[in-house]
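Chain residues, written in single-letter form:
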Amino acid sequence: MTYLILGLFIFLGVHSVRIVAEDWRTRTRARIGAMPWKGLYSLLSLLGFALIVWGFGLARQQPVQLWSPPVAMRHLASLLTLLSFVLLAAAYVPGNRIKERVHHPMVLGVKVWALAHLLSNGNLSHVVLFGSFLAWAIVDFIAARRRDRQLGTRYAGGTAGATGITVALGVGAWMAFALWLHGLLIGVRPFG
């Protein structure tokens, strides 16, 4: 569990700098340059992610069951993860109505993804992992929306075509992950 918590601390810490130290981030980025900042950010993110994966794998070998979720939660989790994949796609497809509406679809997608996994898993390592991501995403979403209001940020209107592409990409990615990649990468087949 130590490596999982350390990885979460590094990964979510790096992704929280803008939330807790926006001025420091801006000054440091100006002082060292955009590319070195991005390089350091990426390096620390990868280190944190690697520790999360390793630590979660170790923690899963000695599970501590806190509760047993009802089977219905797995079905709800499937629907919620489908929504999270569509939101993730909305972060990258330009001109879609989802981004126009929610402004920060990736962070919202992380919230939905983490909630889905909390509902369908009752063991301690899952609660630590997904609970941490859910808490971070809630705080980040609030901070991002507040920053948008302060800066008067406007999001461009979306089109039906771009929104359709967004939904199709999200559903396709969800199907690939749910039916194949989740089992291959995580070792758990959601529909197996």
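Residues numbered from 1 in each chain as written. Predicted model: local features only at pLDDT ≥ 70, side-chain atom pairs only at ≥ 80, totals over all residues. Heavy atoms only, no water.

Draft legend 1. Fine view of the nonpolar core. Of all hydrophobic cores here, the largest spans 27 residues; its most connected members are Leu8, Ile52, Leu129 and Phe133. Of all the elements in the fold, those that place two or more residues in this core are α1 (2-14), α4 (34-61), α5 (71-92), α6 (97-102), α7 (105-120) and α8 (124-151). In this structure Phe133 touches Leu8, Phe11, Leu12, Ile52, Val110, Trp113 and Ala114, once residues within four positions along its chain are discounted. (Core = buried A, V, L, I, M, F, W, Y, C linked by side-chain atoms within 4.5 Å. Buried < 20%, exposed > 50% of the residue type's maximum accessible area, 1.4 Å probe, protein only. Helix = DSSP H or I, 4+ residues; strand = E, 2+ residues; numbered from the N terminus. Contact = heavy atoms within 4.5 Å.)

Draft legend 2. Structural context of the packing of aromatic side chains. Within the structure shown, the criterion is met by eight aromatic pairs. Each ring, one from Trp24 and one from Trp37, has its centre 5.8 Å from the other, and the planes form 65°; the classification is edge-to-face. Taken together, the positions of Trp24 in helix α3 (residues 22-32) and Trp37 in helix α4 put the pair 13 residues apart, joining distant regions of the chain. With a relative accessible area of 8%, Trp37 lands in the buried category. (Phe/Tyr/Trp six-rings, centres within 6.5 Å; stacked < 30°, edge-to-face > 60°.)

Draft legend 3. Structural view of the packing of α1 against α4. Close contact between α1 and α4 brings their axes to 7 Å; oriented N to C, the two are set at 155°. Regarding the angle of α1 to α4, the classification is roughly antiparallel. The crossing of α1 and α4 is left-handed. Each of Tyr3, Leu4, Leu6, Gly7, Leu8, Ile10, Phe11 and Val14 in α1 lies in contact with α4, whose residues at this interface are Tyr41, Leu44, Ser45, Leu47, Gly48, Phe49, Leu51, Ile52, Trp54, Gly55, Phe56 and Leu58. (Axes fitted to C-alpha atoms, helices over the stretch in contact; angles between N-to-C directions. Parallel < 35°, antiparallel > 145°, perpendicular 65-115°, else oblique. Left-handed = near helix turned anticlockwise from the far one by under 90°.)

Draft legend 4. Up close: the side chain of Asp140. Turning to its location among the elements, Asp140 is positioned in helix α8. Among buried Asp, Glu, Lys and Arg side chains, Asp140 stands out as unpaired, with Arg147 the closest opposite charge at 5.0 Å. Not counting residues up to four positions away in its chain, the partners in contact with Asp140 are Ile19 and Val107. (Lys, Arg positive; Asp, Glu negative; His and termini not counted. Salt bridge = Lys/Arg side-chain N within 4 Å of Asp/Glu carboxyl O.)

Draft legend 5. Seen up close, α8. Here α8 is 28 residues long and its end C-alpha atoms lie 40 Å apart, about the 40 Å a rise of 1.5 Å per residue gives. Gly152, located one to two residues past α8, shows a positive phi value of around 65°. (Expected span 1.5 Å × (residues − 1).)

Draft legend 6. Molecular detail of the environment of Leu181. Along the chain, Leu181 falls in helix α9 (residues 160-186). Judged by its relative accessible area of 24%, Leu181 is partly exposed. What Leu181 contacts, discounting residues up to four positions off in sequence, is Ala176 and Ile186.

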